[in-house]
Amino acid sequence: MSEAVSDGVKEPSETNTPEPGDDLVGAARRRVIEAPDDVEARLQLARLFMERGDAELALEQIDAALEREPENVELLVERGIALTGAARLVDAERELRKAQRLDPERGRVYMQLGRILFKRGLYRQAEVELRRAIE
């Protein structure tokens with residue numbers, strides 16, 4: 001499978017078998033190619049990649065967006081989720097801790113931290129974070 005690359009966004013070759021949601025991914029890719037500084041476009045594309053189970057492509061888009069907005073809490077949370085999908089749990093926790101410092105009131109950060117800590121077998125710490133998420 002060959003792929004063309006434009007502005008860091010891989011375009012599938014015409015010989016690839018279409019996947020469910022290709023039209024959404026294609027539209028999101030075109031949006032990023034047209035406006036590479038559009039953080040929301042990159043975030044949307046990253047989420048579509050995550051839905052497909054492609055954490056590495058999602059991370060590429062999130063990292064490009066974070067270059068423009070390094071303290072964007074939503075991007076940091078999404079990066080934590082993508083890192084979790086790539087089985088990089090310690091890195092995911094680090095990103096979520098940064099998001100937590102920037103916005104200590106965001107429940108989604110605590111929920112994701114709880115999930116990661118649980119996966120790492122740190123059940124007591126996971127419980128603390130999940131209780132914070134509920135509060």
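Here, every reference points to the structure presented above.
All values derive from a computational prediction rather than experimental measurement.

A.B. asks: Please explain helix 5 (residues 89–102) as it appears in this structure.
C.D. replies: The α-helix advances 3.6 residues per turn, and as a result positions three or four apart in sequence lie on the same side. With 14 residues, helix 5 should reach 20 Å at 1.5 Å per residue; the first-to-last C-alpha distance of 20 Å fits that figure. Every buried residue belonging to helix 5 is among Leu-89, Ala-92, Glu-93, Glu-95, Leu-96, Ala-99 and Gln-100, and all of these are buried. Taken down its axis, helix 5 places every buried residue within 165° of arc, on the same side. Turned more than 90 degrees from where helix 5 packs its buried face, Val-90 and Arg-101 sit exposed. Residues of helix 5 that are buried sit in contact with helix 4 (73–85), helix 6 (107–119) and helix 7 (123–134).

A.B. asks: In this structure, what is going on with the side chain of Glu-129? I would like to understand it.
C.D. replies: One can find Glu-129 in helix 7. In terms of polar contacts, Glu-129 uses its side chain to reach the side chain of Arg-97, at 3.1 Å. The contacts of Glu-129, once residues within four sequence positions are left out, are Arg-97, Gln-100, Tyr-110, Leu-113, Gly-114 and Leu-117.

Rules used in this analysis
- Residues numbered from 1 in each chain as written.
- Predicted model: local features only at pLDDT ≥ 70, side-chain atom pairs only at ≥ 80, totals over all residues.
- Heavy atoms only, no water.
- Helix = DSSP H or I, 4+ residues; strand = E, 2+ residues; numbered from the N terminus.
- Expected span 1.5 Å × (residues − 1).
- Buried < 20%, exposed > 50% of the residue type's maximum accessible area, 1.4 Å probe, protein only.
- Arc of directions from axis to C-beta.
- Contact = heavy atoms within 4.5 Å.
- Polar contact = N/O pair within 3.5 Å; in protein donor to acceptor, adjacent residues only side chain to side chain.

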